[in-house]
Amino acid sequence: MAKKTVQNVLDSNQFKSLVAKRAKVSTLLMILLFLLYYGFVLLIGFNKPFMAQKIGESVTLGIPMAVAVIILAWLLTLAYVVWANAIYDPEVEKLRGQLFD
Amino acid sequence: MPPVTEQAAVAIQTTLGKPTLPSISFFLIIVVITMLITYWASKRTRSAKEFYAAGRGISAFQNGLALAGDYMSAASFLGIAGMVALKGYDGMIYAVGWLVGWPALMFLIAEPLRNLGKFTFADVVAYRLKQTPVRIASAIGGILTVLFYTIAQMVGSGSLIKLMFGLPYEVAEILVGVIMLAYVLFGGMLATTWVQIIKAVLLLSGVSVLMLIVLSKFNFDPGALYTAVAGQYGQAALEPGGLISNPIDAVSLGLALMFGLLGLPHILQRFFTVPNAKAARVSVLYASGFIGYFYIIIPIVGFGASALIGRDIITQIDKGGNMAAPLLAEFLGGTPFLGFIAAVAFATILAVVAGLTLAAASAISHDIYAHVIKRGKATEKEEVLASRIATLIFGVVAVLLGILFKGQNVAFMVGLAFAIACSANFPALTLSIFWKRFTTAGAVCSILTGAFLAVGLIIISPTVWEDVLKNPKGSALFALKNPAIVSMTASFIVGWLVSLMTKEKAAEQMFEDEKLRTYLGVGAE
């Protein structure tokens, strides 16, 4: 296969769809992160009694919620890494291969 | 559970504030080990790539720990434990905010940053723009961020070391300055990275042990711990209090914490120490795991301190509650455990200040000296020499500012550093990576708008105008405690508008080639 020029790769649908895919995934994950964290903050801001309700002898709902926000935020980073390793990296390798074979 | 008076009798006989054999021994062990590492690193720190970026030989796991080390300061360890001890659940809400920047860092800029940059984040902002103006503006944003962060760290460290070891404030400042300068001057990024790794491991294990002993006192039932807290201080300790009284204020602080991380020069510089974008990505996963774990267990330590030591004793030792964790360590593990925790806190301070100093020195030597003064024609030898001189100057300035601000209320400076980072550095960085039409004028105006608005608005906000400058309550001209929501938005709008008004053909053409490097890592250093 003949070596492709930089311009060929930039113009290829494969490269364009890779860029679009990354933008889509990171936008989606950013939206989830925003809903998660600012949802938590605004829930406290607008509905303190909801967070203060007891779910045990004295434990309030707010305590596991705070822990859950941290764990879910970490799971979002895990989701990104799993996606990037499984889907993004192989496509990057393919495109790089077209430039330097 | 013993009654409060009995606890008081135990805790009041604290050795806190006196140098003890365990605390000094642990401290000396840490210093000796880190100095040996610095000696080892100094032989591998000759080129600019080695000095700024540890030769790009740090693994993803090592960088994950080092990022966590750079980020978990003594202020978050002692401060958040104290805040939870004294204010209960509000401290926990605050702790959550410190993690949420990490996923954002990953989704938006970690990989492009690694692919496009060389030694500093300004490399990325200036990639396809005119070097001189963009480098100067980026260096202003970067150095202001690091400077305010450093002042807060230095003033905090002087008081903490005085509280823990009984050393006079000025001696503590000079001690921190001398030790961290040795790391950075001789060992560059390699030694600084290993100091961060050691400190992160010590801090995470120290706090884990503390948490486990606390839980063991309650038969490993967190519910029993919370019941004990509620029994002493009422159910209010477990409910949201005054922290989020104004939702807009809370969102503004949240934005500063989240996007400020994406503009912290000492954090961004870490991404140039790993071999490629994949390692950069994985290192964020490790870092956010360690940091998330840290902010989950710190509240347990704080609640444990309020249940087992009592708020009265904690505030008696230090009004701000900073000694909650060390007091708890002494109560649970005696003088040796207190000595260990105090030494870990000291190591934490050293590591964070070392990382900040390296970032400031890099901005001065790489961005200003090598690119602006020498117009990119500095030899490697000249640049490394300049970076060492800049390190020395910044270190001395840090110590002097630490002494100058002695006794001042500088807690707002961390918030200010995050506000500048998210308003000056972050918008220019993302626009430069992702927006084709971004121009030199747009970048400079965006950075300067963000920096000056962040500083200006915080001065006329209640945080500084009323709490620091002692003007009457309600006289502040700007209502929000943290200006991020205004200053960051303004910075983006100015960057966008000015770019639309100034067309830069060369920058637009380069954007296409840059994409190959941004997304595929082609040509990455």
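Residues numbered from 1 in each chain as written. Chains lettered and ligands numbered in written order. Predicted model: local features only at pLDDT ≥ 70, side-chain atom pairs only at ≥ 80, totals over all residues.

Asker: Lay out the overall build of chain A in plain terms, naming residues and giving numbers.
Answerer: Each helix and strand counted, chain A has four helices and zero strands in total. Secondary structure elements of chain A occur, N-terminal to C-terminal, as α-α-α-α. The globule rule puts the C-alpha radius of gyration for 101 residues at 13 Å, and the 22 Å found for chain A is more than 25% above it. Counting only C-alpha atoms, chain A reaches 70 × 20 × 10 Å along its principal axes. (Helix = DSSP H or I, 4+ residues; strand = E, 2+ residues; numbered from the N terminus. Rg over C-alpha atoms; globule rule 2.2 N^0.38 Å.)

Asker: Could you give an account of the overall build of chain B, with specific residues and numbers?
Answerer: The helix and strand tally for chain B stands at 23 helices and zero strands. Scaling as 2.2 N^0.38, a compact globule of 525 residues should have a C-alpha radius of gyration of about 24 Å, and chain B matches this with 23 Å. Principal-axis analysis of the C-alpha atoms gives chain B an extent of 75 × 55 × 40 Å. Buried positions account for 64% of the 525 residues belonging to chain B. Contacts in chain B between residues far apart in sequence, at least 24 positions, make up 83% of those at least 6 positions apart. (Buried ≥ 20, exposed ≤ 12 C-beta atoms within 10 Å, placed from the backbone. Contact = placed C-beta atoms within 7 Å.)

Asker: Can you explain the packing of helix α10 (residues 131–165) of chain B against helix α19 (residues 412–434) of chain B? Please cite residues and give values.
Answerer: Residues and elements named next belong to chain B. Between α10 and α19, whose axes approach to 8 Å, the crossing angle comes to 165°. The orientation of α10 with respect to α19, classified from their angle, is roughly antiparallel. Handedness of the α10/α19 crossing: left-handed. Residues Ser 138, Gly 141, Gly 142, Leu 144, Thr 145, Phe 148, Tyr 149, Ile 151 and Ala 152 of α10 form the contact with α19, whose own contacting residues are Met 413, Val 414, Leu 416, Ala 417, Ile 420, Ala 421, Ala 424, Asn 425 and Ala 428. Taken together, the residues that form the contact of α10 with α19 break down as 13 nonpolar, five polar and no charged. (Axes fitted to C-alpha atoms, helices over the stretch in contact; angles between N-to-C directions. Parallel < 35°, antiparallel > 145°, perpendicular 65-115°, else oblique. Left-handed = near helix turned anticlockwise from the far one by under 90°. Nonpolar A, V, L, I, M, F, W, Y, C, P; charged D, E, K, R; others polar.)

Asker: Mind laying out the confidence of the model for chain B, listing which residues take part and the relevant values?
Answerer: Residue and element names in this part refer to chain B. Taken as a whole, chain B shows an average pLDDT of 93; of its residues, 98% reach a score of 70 or greater. Taking the mean pLDDT of every element in chain B, the minimum, 46, falls on helix α1 (residues 4–11) and the maximum, 98, on helix α22 (residues 484–501). Both scores are given for the predicted complex: the pTM is 0.94, the ipTM 0.95. (pLDDT = per-residue confidence, 0-100.)

Asker: Pulling in residues and values, what's your account of the environment of B:Asn322?
Answerer: Here B:Asn322 shows up in the loop between α16 (311–317) and α17 (324–373). Excluding residues that lie within four positions of it along the chain, B:Asn322 makes contacts with B:Leu78, B:Gly79, B:Gly82 and B:Leu160.

Asker: Break down the packing of helix α7 (residues 101–108) of chain B against helix α15 (residues 277–308) of chain B for me, with residues and values.
Answerer: All names here are of chain B. It is at 9 Å that the axes of α7 and α15 come closest, and there the two elements cross at 175°. The angle between α7 and α15 places the two elements in the roughly antiparallel class. The segment α7 lies against α15, with Trp 102, Pro 103, Leu 105 and Met 106 engaging Arg 281, Val 284, Ala 287, Ser 288 and Ile 291. Taken together, the residues that form the contact of α7 with α15 break down as seven nonpolar, one polar and one charged.

Asker: Give a description of the interface of chain B and chain A that names residues and reports values.
Answerer: The interface is formed by 42 residues belonging to chain B together with 46 residues belonging to chain A. Among the secondary structure elements, those contributing two or more residues to the side of chain B that touches chain A are α6 (89–97), α7, α12 (222–233), α13 (247–260), α15 and α23 (505–520) of chain B. Here the side of chain B that touches chain A gets ten residues from one element, more than from any other, and that element is α15(B). Among the residues making up the side of chain B that touches chain A, the classes are represented as 29 nonpolar, seven polar and six charged.

Asker: So what's going on with the environment of B:Phe412? Which residues, and what values?
Answerer: All names here are of chain B. Positionally, Phe 412 belongs in helix α19. Given 20 C-beta atoms within 10 Å, Phe 412 falls into the buried group. For the pair Phe 412 and Val 207, spaced 205 residues apart in the sequence, the C-alpha separation amounts to 26 Å.

Asker: Quick rundown of unusual backbone geometry? Include the residues and the values.
Answerer: All names here are of chain B. Not every positive phi belongs to a glycine, and Ala 54 is a case in point at roughly 50°. Within the secondary structure, Ala 54 sits in the loop between α3 (48–53) and α4 (60–71). The backbone of Arg 375 shows a phi angle near 55°, a positive value even though the residue is not glycine. Looking at the secondary structure, you find Arg 375 in the loop between α17 and α18 (380–404). On the basis of neighbour counts, which here come to 10 C-beta atoms within 10 Å, the residue Arg 375 falls in the exposed class.

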